[in-house]
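Descriptive structure summary
Chain by chain, the residues:
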Amino acid sequence: MTDLPGRRLLLVHAHPDDESINNGVTMARYAAEGAHVTLVTCTLGERGEVIPPGLAHLSGAALGGHRRGELADAMRALGVDDFRLLGGPGRYADSGMLGLSDNDDPGCLWQADVDAAAALLVDVIREVRPQVLVTYDPNGGYGHPDHIQAHRIAMRAAELAAEAGCPVAKVYWNRVPRSRVEDAFARLRDDLPGLPFEKAAGVEDVPGVVDDERITTEIRGEGTAYAAAKAAAMRAHATQITVAEPYFVLSNDLAQPILTTEYYELVRGERGGEGRENDLFAGIAGTFDTGEATS
Ligand SMILES: CC(=O)N[C@H]1[C@@H](O[C@@H]2[C@H](O)[C@H](O)[C@@H](O)[C@H](O)[C@H]2O)O[C@H](CO)[C@@H](O)[C@@H]1O
Ligand SMILES: [Zn+2]
């Protein structure tokens, strides 16, 4: 790719919907600011459950194809044009929840050779030259096999890219500060009687929760168009997510808050300044958007 904007962000996710849940505000902000945002999704989520009764007939390849369309709709809502499937559509199958026999499918992401999958991601890094990479923590946020593998593939690709002379300057893991999520669930419990949801999830159901001091970066979106874009993108994933702002449920029907500030832990590269960053590109020389390509 030539003539790329000055700032380039790469996000690596397991299934269609994870990007909107974890990074919808972040992706919408940087896309709106003219940065180049690239999403790589590792599977099509064909082993997911389906919420709307009218779509309950979808499963396997048909569900995967439908979720690919949901992903395109979500990217339109976020203003992101560059979104790809690792190795192309259907290269890696959804592995199912941990412990299921689905995990033994030889074509699923959980069974993938990490170096081979990482090499596919390095091809994207060579092309796009992102300065920033975002992925999950080593537990994949909540222990789903595809999330764990997506973490492993992304971190290995960052190593291989550096060895190949196209290093990524900063790597972040998706995180949520414990105090923030505890406050949000306290409000949710008060609001629950007025919601179209029967039950509330708990802090332990939220991926990537850590003590506040591990948070290095926050991307704020409260009351902005980016928060609205995130909700619209989550709605686009209708087989997986039901939204009743400021809350949502997955197919387990446990209400959770939509986080309109998104939090990160910097795990590779230098923090940009003292205190919490409010920009993933903070401290990276030359990544101010002039609209001109940088090397
Ligand atoms: C957010 C996420 O990673 N969703 C995955 C997950 O889906 C969950 C799974 O079906 C679980 O059994 C439900 O209770 C929960 O509500 C779902 O979110 O796992 C699916 C299968 O691997 C995957 O397709 C989906 O994207
Ligand atoms: Zn997922």
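In this convention, every chain numbers its residues from 1, walking through the sequence in written order. Each chain takes a letter, starting from A, and each ligand takes a number, starting from 1, following the order in which they are written. Selection of residues for local features in this predicted model requires a pLDDT of at least 70, selection of side-chain atom pairs for listing and counting requires 80 or more, and totals for whole chains, interfaces and linings are taken over all residues. By convention in this description, side-chain values take in all heavy atoms of the structure and omit both hydrogens and water.

Remarks on the nonpolar core
- Buried Ala, Val, Leu, Ile, Met, Phe, Trp, Tyr and Cys residues form a nonpolar core when they are joined through side-chain atoms within 4.5 Å. Categorising residues by exposure relies on relative accessible area from a 1.4 Å probe, with only protein chains included: less than 20% of the type maximum marks a residue as buried, more than 50% marks it as exposed, and the intermediate range marks it as partly exposed. Counting 32 residues, the largest nonpolar core has Leu10, Val12, Leu86, Leu121 and Leu133 as its most contacted members.
- Element by element, the count of residues in this core is highest for helix H4 (residues 145-163), at eight residues.
- Once residues lying within four places of it in the same chain are set aside, the contact partners of Leu133 are Leu10, Val12, Ala154, Ala158, Val168, Lys170, Val171 and Tyr172.
- By size, the runner-up hydrophobic cluster in this structure holds 26 residues, among which are Ala28, Leu71, Ile219 and Ile284. Segments assigned H or I by DSSP are reported as helices when at least four residues long, segments assigned E as strands when at least two residues long, and all are numbered from the N terminus. Only heavy atoms matter for contacts: two residues are in contact if any of them lie within 4.5 Å across the pair.

Some points on the site of ligand 1
- Residue proximity to a molecule or strand is established when one non-hydrogen atom of the residue lies within 4 Å of it. In the neighbourhood of ligand 1, 18 residues make up the surrounding shell, with Arg67, Asp94, Tyr142, His144 and Ser251 lying closest.
- Here a polar contact means two N or O atoms within 3.5 Å. Within protein one must be a hydrogen donor candidate and the other an acceptor candidate, and residues neighboring in sequence count only if both atoms are side-chain atoms. Here an oxygen atom of ligand 1 sits 2.6 Å away from a polar atom, N or O, in the side chain of Tyr142.
- In the model, an oxygen atom of ligand 1 is placed 2.9 Å from a nitrogen or oxygen of the Ser251 side chain.

Remarks on the coordination of the zinc ion (ligand 2)
- The donor set comprises N, O and S atoms within 2.8 Å of the metal, extended to 3.2 Å for Na, K and Ca; water molecules are omitted, so apparent gaps in a site may simply reflect that omission. The protein atoms that coordinate the zinc ion (ligand 2) are His15 (ND1), Asp18 (OD), Asp18 (OD) and His147 (NE2), at distances of 2.0 to 2.5 Å.
- Between the donor residues of the zinc ion (ligand 2), the gaps in sequence give the motif H-x2-D-x128-H. Like His15, the residue Asp18 is buried in the burial classification.

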